[in-house]
Amino acid sequence: MNNEEKIKEIYVDIDLKRELFRASKTWELIRKNLIEIEKRYGKFVLYIRTSSSGNVHLKIEFENAVTVLDMFMIRSLMHDDIYRIGIDLRRLFLQGSTEINRIFDMKARGQQILQASDWELLGWR
């Protein structure tokens, strides 16, 4: 995939504990941005899950695909981890777009394997 190719799923990693997310200022700001995202890019479905470390992962599935540049703008509006965005920009430059927009399902902590939860539909209106 190159910079002109389109993406239908965008993954977002928010460094906030899942149990605090729905009452947070971050969620309030994201909901406002979702209205603008829908105006510009069309319909989408939003999912949430608990990351392997207990934080929030979001997945946005668009009806109409968006460009790589649009994906980065949307991730920023969705409060994606700024370090993750920076790493993906470097990956895009050095390795191409097939190496970006990833999110991990599990993580090893010592001998323990931590697993993310299943995706759940997230109502935002």
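Shown above is the structure to which this text applies.
The structure reproduced in this document is the subject of the present report. (Residues numbered from 1 in each chain as written. Predicted model: local features only at pLDDT ≥ 70, side-chain atom pairs only at ≥ 80, totals over all residues. Heavy atoms only, no water.)

## What about the side chain of D88?
For D88, the position within the fold is in helix α4 (residues 82–95). Among the polar contacts listed, one links the side chain of D88 to the side chain of R75, at a separation of 2.7 Å. Residues in contact with D88, not counting those within four places in the same chain, are F72, R75, E99, I100, N101 and R102. (Helix = DSSP H or I, 4+ residues; strand = E, 2+ residues; numbered from the N terminus. Polar contact = N/O pair within 3.5 Å; in protein donor to acceptor, adjacent residues only side chain to side chain. Contact = heavy atoms within 4.5 Å.)

## Considering the nonpolar core
Grouped burial of nonpolar side chains is what soluble globular proteins tend to show. The biggest cluster of nonpolar side chains holds 28 residues, and the ones touching the most others in it are L46, L58 and M78. Of all elements in the fold, only β1 (6–17), α2 (25–41), β2 (44–50), β3 (55–67), α3 (68–77) and α4 reach the threshold of two or more residues within this core. (Core = buried A, V, L, I, M, F, W, Y, C linked by side-chain atoms within 4.5 Å. Buried < 20%, exposed > 50% of the residue type's maximum accessible area, 1.4 Å probe, protein only.)

## Some points on the sheet that holds β2
In space, the 4 strands of this open sheet follow the order β1-β3-β2-β6, with antiparallel pairing throughout. Edge positions in the sheet fall to β1 and β6 (120–121), since each has one partner strand and no second. Taken together, the 9 bridges between β1 and β3 define a ladder with antiparallel strand orientation. Within the sheet, the bridge partner assigned to I7 lies in β3 and is V66. Across the sheet, α3 lies against β1 and β3, angled at about 145° from β3, the strand it touches most. (Pairing = 2+ DSSP bridges. Axes fitted to C-alpha atoms, helices over the stretch in contact; angles between N-to-C directions.)

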